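Given next are the chains, with one letter for each unit.
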Amino acid sequence: MTPTISTTGLTRRYGDHLALGDVSVDIEEGKITGLLGRNGAGKSTFLRIVTAQEFASTGSVRVFGENPVENERVLRRLVLVREDQQFPDFKVRHALTAASWFYPNWDAELAESLLRDFDLPTKRPIKKLSRGMRSALSITIGLAARAELTLLDEPYAGLDAVARQLFYDRLLDDYSAHPRTILLSTHLIDEVADLLEHVVMIDKGRVVLDAPADELRGTAVTVSGPALAVDDFVTGRRVLHRRKIGSRASVTVADALAPADKAKAKALHLKLEPLSLQQLMVHTSNGQTAEEASA
Ligand SMILES: Nc1ncnc2c1ncn2[C@@H]1O[C@H](COP(=O)(O)OP(=O)(O)OP(=O)(O)O)[C@@H](O)[C@H]1O
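Residues numbered from 1 in each chain as written. Predicted model: local features only at pLDDT ≥ 70, side-chain atom pairs only at ≥ 80, totals over all residues. Heavy atoms only, no water.

- Within an unreviewed UniProt entry, the label attached to the chain reads ABC-2 type transport system ATP-binding protein, and the organism entered is Amycolatopsis keratiniphila.

**Regarding the site of the ligand**
Next, step 1: If you check the shell around the ligand, you find 14 residues, and the closest are Gly 40, Lys 43, Ser 44, Thr 45 and Glu 154.
Next, step 2: At 2.7 Å from an oxygen atom of the ligand is found a main-chain nitrogen or oxygen belonging to Gly 40.
Next, step 3: The fraction of the free accessible surface of the ligand (640 Å²) that becomes covered by protein chains is 63%.
Next, step 4: Counting only elements with at least two residues in the shell around the ligand, the list comes to strand 2 (17–23) and helix 1 (43–50).
Next, step 5: For the shell around the ligand, the element with the most residues is helix 1, which contributes four residues.
Next, step 6: Along the lines of polarity and charge, the residues of the shell around the ligand split into three nonpolar, seven polar and four charged. (Near = heavy atom within 4 Å. Polar contact = N/O pair within 3.5 Å; in protein donor to acceptor, adjacent residues only side chain to side chain. Areas by Shrake-Rupley, 256 points an atom, 1.4 Å probe, with all protein chains shown as cover. Helix = DSSP H or I, 4+ residues; strand = E, 2+ residues; numbered from the N terminus. Nonpolar A, V, L, I, M, F, W, Y, C, P; charged D, E, K, R; others polar.)

**Concerning the packing of aromatic side chains**
Next, step 1: In the structure shown here, the tally under the stated rule is two aromatic pairs.
Next, step 2: Centroid distance Phe 102 to Tyr 103: 4.9 Å. Interplanar angle 90°. Geometry classified as edge-to-face.
Next, step 3: A relative accessible area of 34% places Phe 102 in the partly exposed class.
Next, step 4: With a centroid separation of 5.4 Å and an interplanar angle of 40°, the aromatic rings of Phe 167 and Tyr 168 are classed as tilted.
Next, step 5: Judged by its relative accessible area of 3%, Tyr 168 falls in the buried class.
Next, step 6: In this structure, Arg 77 packs its charged tip against the face of Phe 64, placed 3.8 Å from the ring centre. (Phe/Tyr/Trp six-rings, centres within 6.5 Å; stacked < 30°, edge-to-face > 60°. Buried < 20%, exposed > 50% of the residue type's maximum accessible area, 1.4 Å probe, protein only. Lys NZ or Arg CZ within 6 Å of the ring centre and 35° of its normal.)

**A look at the nonpolar core**
Next, step 1: Ranked by internal contacts, the top residues of the largest apolar core, which has 54 residues, are Trp 106, Phe 118, Leu 137, Ile 141, Phe 167, Leu 196 and Leu 277.
Next, step 2: Among the elements that line this core, the one with the most residues is helix 5 (residues 131–144), at six residues.
Next, step 3: Looking at which domains feed residues into this core, each of domain 1 (5–214) and domain 2 (220–274) gives three or more.
Next, step 4: Not counting the four nearest positions on each side in its chain, Leu 196 is found in contact with Ile 32, Thr 33, Gly 34, Leu 36, Ala 213, Arg 217 and Leu 277.
Next, step 5: One finds Leu 35, Leu 47, Val 63 and Leu 149 within the second-largest nonpolar core, a separate group that totals 23 residues. (Core = buried A, V, L, I, M, F, W, Y, C linked by side-chain atoms within 4.5 Å. Domains from an automatic or database assignment. Contact = heavy atoms within 4.5 Å.)

**Looking at the environment of Ala 163**
Next, step 1: Within the secondary structure, Ala 163 is located in helix 6 (residues 161–177).
Next, step 2: Put simply, Ala 163 and Ser 185 are 22 residues apart on the chain and 17 Å apart in space, counted from C-alpha to C-alpha.

**Brief notes about the sheet that holds strand 4 (residues 32–36)**
Next, step 1: An order of 6-7-8-4-9-10 is seen for the six strands of this open sheet, with the pairing classed as mixed. Either end of the sheet is taken by a strand with one partner, and the two such strands are strand 6 (78–82) and strand 10 (206–212). Sheet twist, expressed as the mean angle between neighbouring strand axes with direction ignored, is 15°.
Next, step 2: In the sheet, strand 4 pairs with strand 8 (residues 181–186) via five bridges, with the strands oriented parallel. (Pairing = 2+ DSSP bridges. Axes fitted to C-alpha atoms, helices over the stretch in contact; angles between N-to-C directions.)

**Some details on the sheet that holds strand 11 (residues 221–226)**
Next, step 1: Strand order in the open sheet formed by four strands is 12-13-11-14, with antiparallel pairing between adjacent strands. The open sheet has two edge strands with one neighbour each: strand 12 (239–245) and strand 14 (271–274). Each strand of the sheet is rotated relative to its neighbour by a mean of 15°, with strand direction disregarded.
Next, step 2: Summarising the sheet, strand 11 and strand 13 (residues 248–253) pair through six bridges and their orientation is antiparallel. For Gly 225, the partnering residue across the bridge sits in strand 13 and is Ala 249.
Next, step 3: With respect to the sheet, helix 9 (residues 227–234) is in contact with strand 11, strand 12, strand 13 and strand 14, its orientation differing from that of strand 11 by roughly 140°.

Written as structure tokens, this is what we have:
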């Protein structure tokens, strides 16, 4: 199956700053993929290149198997919701009408129900909306467009926790009823972790993780308990992080544990906690293991 997005050696330089370096990824069709990374990692740059709003310095990008640049066939099949979405000097209702003309799969019923959910005033000029309300409008358009490729670039600026949860719930509901390719860029990883089927993590412009979310959930574990027993247990494993408080220790190792390892931990009275995706990003974007750092 052709991936919805495929990049090879994608590089973007701004002067001497490398915003994206040799990014080769395939974003599979019909999945929710998380594009994760810290501030300035290169997520927005990647999304702007994929949507032909910006050019790569070198490398290639294919969307639905084609070059997206000045390619109306490709661009009509995707929607990009940006954090800093700019709107013309319209009222909310007019923005929705304009969107309904542009997006071939526009679902007016879904748009109306999202307007109600987010309590958006349809007669108000967009420039008079609060920041969170503008984000809610962008999300409404992004979901109701029901584009085959839906790109969400940290779409929740100013949204409170209740509104963000509403967004996640409605995204998942609509995706379940109308599966499509969704790429969600975020650094609020814990909030979206359960939504994600695949994860691409970028750090300083480079891809540092590209794997199914389920696989990543099992890849690292924090072991805590009496320091001597913890040290014994982690010997020979790749240590990501080590913390000692008095006679107790807590050590994060980057290994999936076999049933025998778990039985050994139990016998030693050690506590095992799988690392969340958010914690995994913190450790991965630190770039080196604690042991390497002290070597
Ligand atoms: N037009 C530009 N000119 C110069 N540098 C730029 C430009 N656009 C992006 N950059 C730089 O490229 C890097 C990647 O930026 P990008 O916006 O892609 O990061 P991001 O992962 O989306 O970050 P955030 O989560 O903070 O939005 C940053 O260091 C940024 O300053």
